[in-house]
Amino acid sequence: MTVVVSASAHTLGVDEAEQTVLAGSGGAVLQAAGLCREYGTVIAVDGIDLSMNEGEFLTVFGPNGAGKSTLLGMLAGAMRPTAGSVSVRGKPLLSSDTDWRHRIGMLSHKGFLYGRLTVEENLRFYGKLFGLSDLDERIPARLEQVGLTQRIRFEARQLSHGMRQRLSLARALLHDPDVVLLDEPYTGLDPSAASVLRDVLDELKDGRRTVVMVTHNLREGLEMATRLAVQVAGRFAWEGDNQGLGRKDFERHYHDVVEGRA
Amino acid sequence: MSTAGMRRGGLVLTVLGLLGLITLYWMSFFWVDTEVNQGVVQRIFYVHVPAAWTSFLAIGFAALASGMYLWLRDDRLDRAALCAIEGGLVFATLVLITGPLWGKIAWGTYWTWEPRLTLTLLLWFIFVGYFMVRNATEDPEKGKRFAAVVAIVGALDIPFIHLSVVWFRSLHPDPVVARPDGPTLPVDMLLTLLFGVLVFSLLFFGLFLFRYAVEGLRAEADLRARSAA
Amino acid sequence: MSTYLTQVWAIVWKDLLLEIRSRERIAAMGAFAVLAGVLFNFSIDTTTTRPEDVAAGLIWMTLVFGGLLGVGRTFHLEAQDDAFQGVLMSPAPKDAVFLAKTTANFALLYAVSLLVLGVFSLFFGLNLGQNLGWLVFVLGLGSLGFVALGTLFAAVSTGTSMGETLLPVLVFPLLVPMVIYGVGTTTRLIDGRPFSEVEGNVRMLGAFALAALAAGAVLFRYVVEE
């Protein structure tokens, strides 16, 4: 179960990148090779390789504009890479076969919710899109998990921001994905909502799931992560295992990396 | 094909086209017989119809390139579609200028809903939509995909538009008794027309190759500027 | 296949439920239709023109402009809270998403077009008589063609910086066949001519709608891709 995470140069050929995927596809759940994404002349992600196993929790830190959300979008199959590839359990994303979409759940700071639908209707809608048949049991269970059982008949727009984020979390986990992607999930949450989110995310560390979180907030995500990376200007400027570094120490290290001293 | 090769090809086709154009003018002014009913003004026909033909060639070509672009995502295909649409816009504009000139003298009115003219006007707007979509996107990749969709749907819609404007026209009495059209055309008129179609097609592909070479250089310059940054 | 239909139906149901709750688009389109009827009434000098001669054209113009009003907003509504992103990331095929959005828009526009027919026949004193059934059918075919093209290009224009202002520029040239055949058919049906006289036109309307649906189902994925 070796883990290879390395920032590769932009010049890495696609062929070479694909070989990396094949070589490492044994146990890896989520793999990315030579990922690049350009918006016109702007390069948001500039050659990122990633291989994640079951039970791993990677937090990617980075300043604004480092291309973190773009990276996550490509891992989610929501964005097409300019170069490189992503695969989930060996199946390449963006193929005509969409089975892999069942394996990915995404929580963003945008909720993906319909304000005029009730809590239950929102979940039922997404459940049907995912082809789930046991929604009558599944939805109450998820709502229980995020503590929204009492609000099942409320329209999403009537919920507070914290509760909406919990509903989004229930939506993201509704289909029991192997890979959970979190895009700045703590944005705008008050302390109590943040603590509920933290509890639920803690439950995700059941050894079955693979989690990638991106954030510019050093406070959150450091404790839960098993692996850490710092993304600067589209590349992983630093990455490694989480060796229980304290927040202060990591913060110092982070600033060294971002400012190019390490 | 290399950029230099394309420029050579463009030069050859354009020079051939220009020589052909001189010949076409000579043919339509001095060689071909004057049409009996309309008189001298009918000679604009040998520019008008080939230009219309070329603008339809352009949208067909662009739609084909766009479809392949969506499939293969090769930027060269997108550039080919863009250049073809540009050429199409030029020739469609020619049709829209020569049509009213002809119409004013032959029918006494600048604009008439003659099917070919109507169709070209709508095609002109489809071409314009292609550029508007392309220029109104922040992410160029998105602009390329959107523009490709416009070109494809536009080309697919052409047969429908054609049938409908012809049908619409059939409801109204024709303002002119005889129009040179179809296989009843005298041989010299038909020859001049076919020669015109050939000349305009040559010009279209010649200009297309020039434009395509320029777009290729532009893409290359962008790439270099980026890797230098 | 049943999953496909479940997914399509889930989106249709969601769209209609949202519309029933907010009544945002149906109210705007309905009010537009009635007010257009009122204004058109004043635009006709009855000493020179018989209203029933121009009613068909006005009905279709109202349909086109009213449709633009509603269909143009269809993805704008989805963009709130990025909900559409969630739909696109689900396993639902993109053609299913397109067909569902088109179906929901069709239900909306068809309801409005029937309202238009009713209002205009009232305002202009039309006697629809024995052709009412065919008129209802023809408006349905026209609405279908319109929403198929409209939904595809609403997705395009929503993705541009120009937004909804771009939509008419893109779809009006493409909608010409629908308007020509639609008006041609409706004028004669209102005039009480037999259906056999307009059968060819109705076929063309149907072919246009089917072609637009097929093109949209194939091309939609390239429009919504990021």
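Small disclaimer: the values here were computed from a predicted structure and weren't measured.

As for the sheet that holds strand 3 (residues 57-61) of chain A
Residue and element names in this part refer to chain A.
No. 1: Strand order in this open sheet of 6 strands is 6-7-8-3-9-10, and the pairing throughout is mixed. Only two strands of the sheet have a single partner each, and these edge strands are strand 6 (104-107) and strand 10 (235-241). Shown here is a sheet whose adjacent strand axes are inclined to one another by a mean of 15°, direction ignored.
No. 2: As judged from the 5 bridges shared by strand 7 (residues 179-183) and strand 8 (residues 210-215), these two strands associate in the parallel manner. Looking at strand 8, one finds that V180 is bridged to V211.

A word on helix 6 (residues 191-203) of chain A
Residues and elements named next belong to chain A.
No. 1: Its 13 residues place the ends of helix 6 19 Å apart at the C-alpha level, agreeing with the 18 Å of an ideal helix rising 1.5 Å per residue.
No. 2: Those residues of helix 6 not exposed but buried are A193, A194, L197, V200 and L201. Along the axis of helix 6, the buried positions cluster into a sector of 125°, meaning they face one direction only.
No. 3: Check the buried side of helix 6 and you find it contacts strand 6, helix 4 (135-146), helix 5 (161-173) and strand 7.

As for the nonpolar core
No. 1: One finds A:L75 and C:F153 to be the most contacted residues of the largest nonpolar core, which totals 178 residues.
No. 2: For C:F153, the contacting residues outside a window of four places in its chain are B:V149, B:V150, B:V153, C:L167, C:L170, C:V171 and C:L174.
No. 3: The next biggest cluster of nonpolar side chains, apart from the first, holds 43 residues, and it includes A:L107, A:A194, A:L197 and A:M213.

Some words on the packing of aromatic side chains
No. 1: Going through the model one piece at a time under the given rule, you end up with 26 aromatic pairs over all chains.
No. 2: With 5.6 Å between their ring centres and 80° between their planes, B:W111 and B:W113 make a pair best called edge-to-face.
No. 3: Ring pairing ties together the aromatic residues B:F61, B:F91, B:F200, B:F204, B:F205, B:F208 and B:Y212, which thus form one cluster.
No. 4: Positioned above the aromatic ring of A:F154 is the side chain of A:R151, whose terminal nitrogen or guanidinium carbon lies 5.3 Å from the ring centre.

Considerations on the packing of helix 2 (residues 45-72) of chain B against helix 5 (residues 140-170) of chain B
Residues and elements named next belong to chain B.
No. 1: Put simply, helix 2 and helix 5 touch, their axes get as near as 8 Å, and they point 130° apart. Here helix 2 is positioned oblique relative to helix 5, judged by the angle of their axes. Crossing geometry of helix 2 relative to helix 5 is assigned as left-handed. Facing F56, I59, A62, A63, S66, G67, Y69 and L70 of helix 2, the residues of helix 5 in contact are E141, K144, R145, A148, V149, A151, I152, A155 and I158.
No. 2: Residues belonging to the contact of helix 2 with helix 5 are distributed by class as follows: 12 nonpolar, 2 polar and 3 charged.

A closer look at the confidence of the model for chain B
No. 1: Chain-level pLDDT for chain B is 85 on average; 93% of the residues reach the 70-or-more range.
No. 2: Reported confidence for the predicted complex is 0.91 by ipTM and 0.89 by pTM.

Some words on helix 3 (residues 75-106) of chain B
No. 1: End to end, helix 3 of chain B covers 46 Å across 32 residues, agreeing with the expected 46 Å (1.5 Å per residue, within 8%).
No. 2: Directly beyond the C-terminal end of helix 3 of chain B, a positive phi value near 80° is found at B:G108.

Some thoughts on the sheet that holds strand 1 (residues 30-39) of chain A
Residues and elements named next belong to chain A.
No. 1: Pairing within the open sheet is antiparallel, and its 4 strands lie in the order 2-1-4-5. Edge positions in the sheet fall to strand 2 (42-52) and strand 5 (91-92), since each has one partner strand and no second.
No. 2: One ladder, built from 2 bridges, connects strand 4 (residues 83-88) with strand 5; its direction is antiparallel. In the strand pairing of strand 5, V88 is matched with K91.
No. 3: In the packing of helix 2 (residues 68-75) onto the sheet, contacts are made with strand 1, strand 2 and strand 4, and the angle to strand 1 comes to roughly 125°.

Things to note about the side chain of A:S51
All names here are of chain A.
No. 1: Along the chain, S51 falls in strand 2.
No. 2: Owing to a relative accessible area of 11%, S51 belongs among the buried residues under this scheme.
No. 3: At 3.4 Å, the side chain of S51 forms a polar contact with the side chain of Q31.

So, the interface of chain C and chain A
Size of an interface, as often reported, equals the accessible area lost when the parts are brought together.
No. 1: Contact with chain C, which involves 28 residues of that partner, is made by 25 residues of chain A.
No. 2: In this structure, the connection of chain C to chain A is made through 2 salt bridges.
No. 3: Note that C:R21 and A:E121 form a salt bridge whose closest N and O atoms lie 2.8 Å from each other.
No. 4: Summed over the shared surface of chain C and chain A, the number is 9 residue pairs in polar contact (both at pLDDT 80 or more).

Structural notes on the interface of chain C and chain B
No. 1: Taken together, the contact between chain C and chain B spans 32 residues of the former and 29 residues of the latter.
No. 2: Roughly 2,600 Å² is buried in total at the junction of chain C and chain B, and carbon and sulfur atoms are behind 76% of that figure.
No. 3: One can count 2 salt bridges joining chain C with chain B.
No. 4: With a shortest N-O distance of 2.7 Å, C:E225 and B:R73 are connected by a salt bridge.
No. 5: The tally of links from chain C across to chain B stands at 6 residue pairs in polar contact (both at pLDDT 80 or more).
No. 6: Mapped by element, the contributors of at least two residues to the side of chain C that touches chain B are helix 7 (132-158), helix 8 (166-190) and helix 9 (199-224) of chain C.
No. 7: Among the residues forming the side of chain C that touches chain B, the class breakdown is 24 nonpolar, 5 polar and 3 charged.

Overview of the pairing of strand 7 of chain A
Residues and elements named next belong to chain A.
No. 1: The buried fraction of strand 7 amounts to 5 of the 5 residues, a majority that puts the element mostly inside the structure.
No. 2: Alternating residues of strand 7 divide into V179, L181 and D183 and V180 and L182, and every residue in both groups is buried.
No. 3: One ladder, built from 4 bridges, connects strand 6 with strand 7; its direction is parallel. Directly across from I104, in strand 7, lies its bridge partner V179.
No. 4: With helix 6 bridging strand 7 and its parallel neighbour strand 8, the resulting β-α-β unit is right-handed.

Here is what the cut-offs are and how they apply
- Residues numbered from 1 in each chain as written.
- Chains lettered and ligands numbered in written order.
- Predicted model: local features only at pLDDT ≥ 70, side-chain atom pairs only at ≥ 80, totals over all residues.
- Heavy atoms only, no water.
- Pairing = 2+ DSSP bridges.
- Helix = DSSP H or I, 4+ residues; strand = E, 2+ residues; numbered from the N terminus.
- Axes fitted to C-alpha atoms, helices over the stretch in contact; angles between N-to-C directions.
- Expected span 1.5 Å × (residues − 1).
- Buried < 20%, exposed > 50% of the residue type's maximum accessible area, 1.4 Å probe, protein only.
- Arc of directions from axis to C-beta.
- Contact = heavy atoms within 4.5 Å.
- Core = buried A, V, L, I, M, F, W, Y, C linked by side-chain atoms within 4.5 Å.
- Phe/Tyr/Trp six-rings, centres within 6.5 Å; stacked < 30°, edge-to-face > 60°.
- Lys NZ or Arg CZ within 6 Å of the ring centre and 35° of its normal.
- Parallel < 35°, antiparallel > 145°, perpendicular 65-115°, else oblique.
- Left-handed = near helix turned anticlockwise from the far one by under 90°.
- Nonpolar A, V, L, I, M, F, W, Y, C, P; charged D, E, K, R; others polar.
- pLDDT = per-residue confidence, 0-100.
- Polar contact = N/O pair within 3.5 Å; in protein donor to acceptor, adjacent residues only side chain to side chain.
- Salt bridge = Lys/Arg side-chain N within 4 Å of Asp/Glu carboxyl O.
- Buried area = accessible area lost by both parts, 1.4 Å probe.
- Right-handed = clockwise from strand over helix to strand, strands pointing away.

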